[in-house]
Amino acid sequence: MKKIKLAVVGCLGRMGKEIIKEINISPNCELVSAIEVKKTTIKRISKIEISYDKKVAFSKADIIIDFSTPKSSLESVFYALKLKKKLIIGTTGLNNSQIKKIKQASKKISIVFAPNMSIGINLLLLLAEQASKIFFSDSSAEILDIHHKYKKDAPSGTALALGDAIARGQNKLLKKISNIKANKSRKKQLNRINFYCERKGNIIGEHSTIFTNSKEQIELKHKGFNRSIYAAGAIKAALWLSNKKKGFFNMFDVLDIS
């Protein structure tokens, strides 16, 4: 198999470094461009010169992997579209308007967009939707969203995805059964979803979905030990995306689960 040439946006960030580590041990992938948004004194990473010019950097690659910021990710969409490059976006904190622009671009190029690329988390999303279909009626739902102290968005993209999964199980919109706010107290509200968020220490990510009624409780939980789980998912997505010409995809598509 010919090696897939990858460009990584946000190469010096925590996730960017993990993705580059994963690329370097993958027999089917090759890092050809490393991009940063802001100027830095660091010149190279993994023997690749750091670039600030996306147009030039993207031209060398088959697929771009972007775990940066919403603003930077939209810029990546612009250049990927212009250069007809495939794109993987793992950035969190994107609003509906920004996601709509990504979907629009996917009519011409292939894009995998997932706020969490962990295989375990995507299994949890599937289980949460299935549990909601059976158990959420006459129950409350809590989503526990625990991350490191540097995590800015709350609820996280993963927590919101879990909320969407529960709502989907009831054929409802999330905004109809939740205020979609980060709460600092645990709440059990009938037929409602409460997001309980904590930001502390160096926790990689812990997410639970808890369904409770008057008779019993079900808890579905995922705990990440290190960021390599997201990097491994991103590489899996790149391999899968390599033969897709256009379309808007998520990790369910990559993992072939539904």
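Look above for the structure.
Residues numbered from 1 in each chain as written. Predicted model: local features only at pLDDT ≥ 70, side-chain atom pairs only at ≥ 80, totals over all residues. Heavy atoms only, no water.

With respect to helix α1 (residues 14-25)
Spacing of three or four residues puts side chains on the same side of an α-helix, whose turn is 3.6 residues.
Piece 1. Counted at 1.5 Å a residue, the expected span for α1 with its twelve residues is 16 Å, and the 18 Å between its end C-alpha atoms agrees.
Piece 2. Taken together, the buried positions of α1 are Met-15, Gly-16, Glu-18, Ile-19, Ile-20, Glu-22 and Ile-23.
Piece 3. The secondary structure elements touched by the buried residues of α1 are β1 (4-9), β2 (29-35), β3 (44-45), β5 (63-66) and α8 (228-241). (Helix = DSSP H or I, 4+ residues; strand = E, 2+ residues; numbered from the N terminus. Expected span 1.5 Å × (residues − 1). Buried < 20%, exposed > 50% of the residue type's maximum accessible area, 1.4 Å probe, protein only. Contact = heavy atoms within 4.5 Å.)

Brief notes about the pairing of β2
Piece 1. With six of seven residues buried, β2 lies mostly within the body of the structure.
Piece 2. Where β1 lies against β2, six bridges are found, and the strand directions are parallel. The partner of Val-8 across the bridge, within β2, is Ala-34.
Piece 3. Handedness of the crossover joining β1 and β2 through α1 is recorded here as right-handed. (Pairing = 2+ DSSP bridges. Right-handed = clockwise from strand over helix to strand, strands pointing away.)

Considerations on the sheet that holds β2
Piece 1. Spatially, eight strands are ordered β3-β4-β2-β1-β5-β6-β7-β13 in an open sheet, and the strand pairing comes out mixed. One side of each edge strand has no neighbouring strand; the edge strands of this open sheet are β3 and β13 (247-249).
Piece 2. Across two bridges, the pairing between β2 and strand β4 (residues 48-51) is parallel. By the bridge assignment, Ile-35 is partnered in β4 with Ser-51.
Piece 3. Relative to strand β6 (residues 86-89), helix α3 (residues 70-83) is tilted by about 170°, and along the sheet it contacts β1, β5 and β6. (Axes fitted to C-alpha atoms, helices over the stretch in contact; angles between N-to-C directions.)

Looking at the packing of helix α5 (residues 119-135) against helix α6 (residues 157-169)
Piece 1. Closest axis-to-axis distance for the α5/α6 pair is 7 Å, and the angle between their directions is 30°. The pairing of α5 with α6 is recorded here as roughly parallel in orientation. Crossing geometry of α5 relative to α6 is assigned as right-handed. Across the interface between the two elements, Ile-121, Leu-124, Leu-125, Ala-128, Glu-129, Ser-132 and Lys-133 of α5 pack against Thr-158, Ala-161, Leu-162, Ala-165, Ile-166, Arg-168 and Gly-169 of α6.
Piece 2. Class assignment for the residues of the contact of α5 with α6 results in eight nonpolar, three polar and three charged. (Parallel < 35°, antiparallel > 145°, perpendicular 65-115°, else oblique. Left-handed = near helix turned anticlockwise from the far one by under 90°. Nonpolar A, V, L, I, M, F, W, Y, C, P; charged D, E, K, R; others polar.)

Regarding the side chain of Ser-72
Piece 1. The residue Ser-72 is located in helix α3 in this model.
Piece 2. The class for Ser-72 is buried, based on a relative accessible area of 4%.
Piece 3. When neighbours within four sequence positions are excluded, Ser-72 is seen to be in contact with Val-9, Val-37, Lys-54 and Asp-66.

Structural notes on the pattern of salt bridges
Piece 1. Summed over all chains, the structure comprises nine salt bridges.
Piece 2. One salt bridge in this structure joins Arg-186 and Glu-142, with 2.6 Å as the shortest N-O distance. Taken together, the residues Arg-186 in the loop between β9 (182-183) and β10 (193-199) and Glu-142 in strand β8 (residues 140-147) connect sequence positions 44 residues apart.
Piece 3. Arg-186 gets classed as partly exposed once you look at its relative accessible area, which sits at 44%.
Piece 4. For Glu-142, a relative accessible area of 1% corresponds to the buried category.
Piece 5. Put simply, Lys-223 and Glu-206 hold a salt bridge, and the shortest N to O gap is 3.9 Å. (Salt bridge = Lys/Arg side-chain N within 4 Å of Asp/Glu carboxyl O.)

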